[in-house]
Amino acid sequence: MKVMIRKKSEGYEAYVPKKDMEEMVVEMENDGLWGGWAKLANGWVFQMPEMAADTRLPITVEARKISSGEE
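Since we're looking at a predicted model, the values are computed, not measured. (Residues numbered from 1 in each chain as written. Predicted model: local features only at pLDDT ≥ 70, side-chain atom pairs only at ≥ 80, totals over all residues. Heavy atoms only, no water.)

**Remarks on the nonpolar core**
Right, so step 1: Residues Val3, Ile5, Leu33, Trp34, Leu40, Phe46 and Met48 are the most contacted members of the largest nonpolar core, which totals 15 residues.
Right, so step 2: At the level of elements, β1 (2–8), β2 (11–16), β3 (21–28) and β4 (37–40) are the ones that each hand at least two residues to this core. (Core = buried A, V, L, I, M, F, W, Y, C linked by side-chain atoms within 4.5 Å. Buried < 20%, exposed > 50% of the residue type's maximum accessible area, 1.4 Å probe, protein only. Helix = DSSP H or I, 4+ residues; strand = E, 2+ residues; numbered from the N terminus.)

The following block contains the structure:
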């Protein structure tokens, strides 16, 4: 699923164009955003792609949704 990531003063924000949804990233598996899972404020969890820590933002990536927070 396409996910646009941008940096805001309070942290990372994810925009999912397919759902026209913007949510803050509230939890991450790794210190950085890349290569692990990232949980959004609505409970969705995405497996983020491996990328360099200094990747310029905003960027649109292909991320796999691994949870919708409804379990």
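**Some remarks on the side chain of glutamate 13**
Right, so step 1: Within the secondary structure layout, glutamate 13 lies in strand β2.
Right, so step 2: Of the residues examined, glutamate 13 reaches a relative accessible area of 7% and is grouped as buried.
Right, so step 3: A distance of 2.6 Å separates polar atoms of two side chains, one belonging to glutamate 13 and the other to arginine 6.
Right, so step 4: Those residues in contact with glutamate 13, other than ones at most four positions away along the chain, are Met4, Ile5, Arg6, Lys8, Glu22, Glu23 and Met24. (Polar contact = N/O pair within 3.5 Å; in protein donor to acceptor, adjacent residues only side chain to side chain. Contact = heavy atoms within 4.5 Å.)

**Some details on the sheet that holds β1**
Right, so step 1: Strands sit in the order β6-β1-β2-β3-β4-β5-β7 across an open sheet of seven strands; the sheet is antiparallel. Edge strands, defined here as strands with exactly one partner in the open sheet, are β6 (59–62) and β7 (64–67). Within this sheet the neighbouring strands show an average axis-to-axis angle of 40 degrees, counted without direction.
Right, so step 2: Relative to β2, β1 runs antiparallel, the two being bridged by five bridges. For lysine 8, the partnering residue across the bridge sits in β2 and is glycine 11. (Pairing = 2+ DSSP bridges. Axes fitted to C-alpha atoms, helices over the stretch in contact; angles between N-to-C directions.)

Purely geometric numbers; function is a separate question.
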